[in-house]
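# Residue-level structural notes
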Amino acid sequence: MTQFAAREGELVVGGKRLSVLAAQVGRTPFYAYDRGLLRARVAELRAALPRAVKLHYAMKANPMPALVGFMAGLVDGVDVASAGELKVALDAGAEPAEISFAGPAKRDVELQQAVAAGVLVNVESMRELPVLAAASQALGLPARVALRVNPDYELKGSGMKMGGGPKPFGIDVEQIPQALAQVGALGLSFEGFHLFAGSQNLRAESICEAQVKGFELALRLSQDAPAPLQVLNLGGGFGIPYFPGEQRLDLAPIGQNLSALVERAATELPQARLVIELGRFLVGEAGVYVTRVVDRKVSRGQVFLVCDGGLNHHLSASGNFGQVLRKNYPTTIGNRVDAPRENASAVGPLCTPLDLLADRMELPQADIGDLVVIFQSGAYGASASPQPFLGHPAVVEVLV
Ligand SMILES: *Cc1c(COP(=O)(O)O)cnc(C)c1O
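Residues numbered from 1 in each chain as written. Predicted model: local features only at pLDDT ≥ 70, side-chain atom pairs only at ≥ 80, totals over all residues. Heavy atoms only, no water.

## So, the overall build of the protein chain
Condition: Strands are runs of DSSP state E lasting at least 2 residues, helices are runs of H or I lasting at least 4, and numbering of each runs from the N terminus. Atoms counted for the radius of gyration: C-alpha only. Globule rule: 2.2 Å times residue count to the power 0.38. Relative accessibility decides the category of a residue: with a 1.4 Å probe and only protein chains considered, values under 20% of the type maximum give buried, values over 50% give exposed, and everything between is partly exposed. In what follows, a contact means two residues having at least one pair of non-hydrogen atoms within 4.5 Å. Counting rule applied: Lys, Arg positive; Asp, Glu negative; His and chain ends not counted. Every charge is mapped onto a representative atom, which is NZ of Lys, CZ of Arg, CG of Asp or CD of Glu.
If you tally the helices and strands in the protein chain, you get 10 helices and 22 strands. Here the protein chain has a C-alpha radius of gyration of 22 Å; the compact-globule value for 400 residues is 21 Å, and the two agree. Residues counted as buried form 56% of the 400 residues belonging to the protein chain. For the protein chain, long-range pairs separated by at least 24 residues make up 72% of all intrachain contacts whose partners lie at least 6 apart in sequence. One finds the centroid of the 36 positive side-chain charges in the protein chain at a distance of 3 Å from the centroid of its 39 negative side-chain charges.

## Quick notes on the site of the ligand
Rules: Proximity is defined per residue: if any heavy atom of the residue lies within 4 Å of a molecule or strand, that residue is considered near it. Whenever a nitrogen or oxygen atom comes within 3.5 Å of another N or O atom, the pair is scored as a polar contact, on the condition that within protein one atom can donate a hydrogen and the other can accept it, and that pairs from neighbouring residues in sequence are kept only if both atoms are in side chains. Under the convention used here, a 1.4 Å probe and the Shrake-Rupley method define accessible areas, while residue burial counts only the protein chains that appear. We call Asp, Glu, Lys and Arg charged. Ala, Val, Leu, Ile, Met, Phe, Trp, Tyr, Cys and Pro are nonpolar, and the rest, Gly among them, are polar.
As a matter of local geometry, the ligand sits amid 13 residues, with Lys-60, Ser-199, Glu-277, Arg-280 and Tyr-380 nearest to it. In the model, an oxygen atom of the ligand is placed 2.4 Å from a nitrogen or oxygen of the Ser-199 side chain. The fraction of the free accessible surface of the ligand (390 Å²) that becomes covered by protein chains is 93%. In terms of residue class, the shell around the ligand is made up of five nonpolar, four polar and four charged.

## Details of the packing of helix α8 (residues 204-221) against helix α9 (residues 251-268)
Condition: Only C-alpha atoms enter the line fits that serve as axes; for helices the fit covers just the stretch in contact. Angles between N-to-C directions range over 0 to 180 degrees. Here is the rule for angles: anything less than 35 degrees is roughly parallel, anything more than 145 is roughly antiparallel, 65 through 115 is roughly perpendicular, and the remaining ranges are oblique.
Taken N-terminus to C-terminus, the directions of α8 and α9 make an angle of 10°; their axes are 9 Å apart at the nearest point. Comparing their axes, α9 and α8 come out roughly parallel. Contacts between α8 and α9 pair Ala-204, Ile-207, Cys-208, Gln-211, Val-212, Phe-215, Glu-216 and Leu-219 from the former with Pro-253, Ile-254, Asn-257, Leu-258, Leu-261, Arg-264, Ala-265 and Glu-268 from the latter. Looking at side-chain class alone, the contact of α8 with α9 contains 11 nonpolar, two polar and three charged residues.

## Comments concerning unusual backbone geometry
For the peptide bond that leads from Thr-28 to Pro-29, omega is -5°, which places it in the cis range. Tracing the sequence through the fold places Pro-29 in the loop between α1 (18-25) and β4 (30-33). The backbone of Gln-200 shows a phi angle near 50°, a positive value even though the residue is not glycine. You can call Gln-200 buried: its relative accessible area is 16%. One non-glycine residue, Leu-390, lies in positive phi territory at about 75°. As for its placement among the helices and strands, Leu-390 is situated in the loop between β21 (371-374) and β22 (396-399). The exposure class assigned to Leu-390 is partly exposed, which follows from its relative accessible area of 40%.

Here it is, written out as structure tokens:
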């Protein structure tokens, strides 16, 4: 499942043996994100998808500034979900015209910042419209808007559903005509629609279905629009495999489906560019979390590798980031990948049984000082974890 090679019995991350990389970082625990794998993933997508489809990075998956800067140079745009993320994207050199700003509860000042920066606001609520109009007036700048639509269908097979039914995200499709009328009346600069149905989907046919439905919905809604559609953001939701038995997402049918939609768009929405926005799929497999074994204990026959980091840095690997059933992320002992196996559990330093990184897995035999590596850790890691909990040092992040 892992994308990382091994050399001389050690995992290779960023071209270096893990023990050498750990020495370079100078302390554990750390996250390392591999530039080569990030580049390869974008290339793989570009090869599978039609060139006309714009590829955006949804930076909430991993907002590390150096990584955002690197990704900004590879993709066509960056999606942010707060003024804090907007700052990181702008600092990273992302082109403001290609930044979009989604997210519920955008405060008035965040909407003003978005107008001042010249980015596209994906409007989540009618309340945002007059605030944007006031900001536009005050600054003498256009307020670029797309309406995020909460559709009347769900993305099947999604890890997290974010569209369909009652949702705090987007404007219900029934209210879109009214919202479009208001966009026109307020003189906002209408650019298009944004649909995002859900996350972590490994079923290509579900993603294709959501894309087709999104396209058709946008086509229907565009009849009431005050201006032709320039952008149609069809969302993303592309998942990565985490657990045994999970199949890698097949990009080929998604590429074919998008090619058909590009063709339809050429006649049915001739001014619109199609956009997909991906977070986890772009960065998740390029990252590892590395934590050092501080103690090795045997309790009633069960081996515990007690590590210097755990759920405080990597909540999702502990199974506490929205998972229904806890399962082990792919894990190894990165400085001795070929050692004889034993059944062991890796736990973090926190005084709670929730702080479990690997539960009774077959792992290379490890001792104090060895490096436990959790794969598939490039997305929803450091920034999605409760770092101050129990007062341990913050995790280091490196782009290598
Ligand atoms: C979270 C989110 C994403 C990224 O989701 P991934 O599953 O990481 O690809 C993209 N767009 C929106 C609107 C989101 O809320």
